[in-house]
Amino acid sequence: MTDVKKFAQAALLALLTASFVIPTGAEAGSSKQTSNTVVPASTKQVEDYSNLGSNDPSGNSATFNVTTPGYVTVNVTQNHSTKTAYMYYSIVTYLPDGTTTSYGSSNIKGNGSFSFTTSKPLPAGEYFIRYKSKQRGRTSGTISVTTP
């Protein structure tokens, strides 16, 4: 019986000692706090075009800037006066050597509102949306860009 009593005393002593050594607010993990701040997206109209036909020069472009790197969404409205609108849009940037890098493109057929997102995140910088009608006749519309 004394062995059980000694064991109980030793267990109680170990428990009390542990309660003094381990603080009550102790945590198993790191106390560092992190924040995933979300930057609100910004949408800006960059172009308003009208009477664009397939015979027009292909040099139409609109400029926009990215200040926070990330994916960009291009929002377009397009309407053809008598047929179905058919437009080509591409997002490019100029490199120091004068060549361009493409960040996505889309052939969009139909009258109405459409959107597409870049194929990869865009670094901060200046970009161009090239656009061209692939339909005879006249197409009108707008181009807006949503940046991070």
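Cut-off values and rules
- Residues numbered from 1 in each chain as written.
- Predicted model: local features only at pLDDT ≥ 70, side-chain atom pairs only at ≥ 80, totals over all residues.
- Heavy atoms only, no water.
- Helix = DSSP H or I, 4+ residues; strand = E, 2+ residues; numbered from the N terminus.
- Buried < 20%, exposed > 50% of the residue type's maximum accessible area, 1.4 Å probe, protein only.
- Contact = heavy atoms within 4.5 Å.
- Pairing = 2+ DSSP bridges.
- Axes fitted to C-alpha atoms, helices over the stretch in contact; angles between N-to-C directions.
- Polar contact = N/O pair within 3.5 Å; in protein donor to acceptor, adjacent residues only side chain to side chain.
- Core = buried A, V, L, I, M, F, W, Y, C linked by side-chain atoms within 4.5 Å.

A. Fine view of the overall build of the chain. A count of helices and strands for the chain gives 1 helix and 8 strands. For the chain, the N- to C-terminal ordering of α and β elements is α-β-β-β-β-β-β-β-β. Taking all 148 residues of the chain together, 30% fall into the buried category. Here the analysis covers contacts within the chain between residues at least 6 apart in sequence; of these, 78% occur between residues at least 24 apart.

B. How the structure looks around the sheet that holds strand β7 (residues 125-133). Pairing in this open sheet of 4 strands is antiparallel, and the strands run β2-β7-β4-β5 from one edge to the other. Looking at which strands have only one partner, the edges of the open sheet turn out to be β2 (61-66) and β5 (100-109). If you compare each strand with its neighbour and ignore which way they point, the axes differ by 20 degrees on average. Strand direction decides the pairing type here: strand β4 (residues 86-94) and β7, joined by 6 bridges, are antiparallel. Each bridged residue has a counterpart across the sheet, and for I91 the counterpart in β7 is I129.

C. Up close: unusual backbone geometry. One non-glycine residue, N51, adopts positive backbone phi at about 55 degrees. Here N51 lies in strand β1 (residues 42-52).

D. Structural detail: the side chain of T139. Looking at the secondary structure, you find T139 in strand β8 (residues 139-147). In this structure T139 comes out as buried when scored by relative accessible area, which is 0%. Beyond its immediate sequence surroundings of up to four residues, T139 is in contact with Y49, S50, N51, L52, Q78, N79, H80, A85, M87 and S133.

E. Spatial organisation of the pairing of β8. Counting buried residues in β8 gives 8 out of 9 residues, a clear majority hidden from the surface. Bridge count for β1 against β8 is 8 bridges, and the pairing is antiparallel. Across the sheet, D48 pairs through a bridge with T142, a residue of β8.

F. How the structure looks around the side chain of H80. Within the secondary structure, H80 is located in strand β3 (residues 73-80). A distance of 2.6 Å separates a polar atom in the side chain of H80 from the backbone oxygen of R136. Apart from residues lying up to four places away in sequence, H80 is in contact with A85, N111, Q135, R136, G137, R138 and T139.

G. Up close: the sheet that holds strand β6 (residues 112-117). The antiparallel open sheet is built from 4 strands, whose spatial order is β1-β8-β3-β6. Every interior strand has two partners, whereas the edge strands, β1 and β6, have only one. Within this sheet the neighbouring strands show an average axis-to-axis angle of 20 degrees, counted without direction. Where β3 lies against β6, 6 bridges are found, and the strand directions are antiparallel. Counted as the bridge partner of T73 is T117 from β6.

H. Main features of the nonpolar core. Core analysis: the largest hydrophobic core is formed by 21 residues, its most contacted members being F64, Y89, I91, L122, I129 and I143. Listing elements by their share of this core, those giving two or more residues are β1, β2, β3, β4, β5, β7 and β8. Leaving out residues up to four positions away in the same chain, L122 has contacts with F64, V66, P69, G70, V72, I91, Y103 and Y127.

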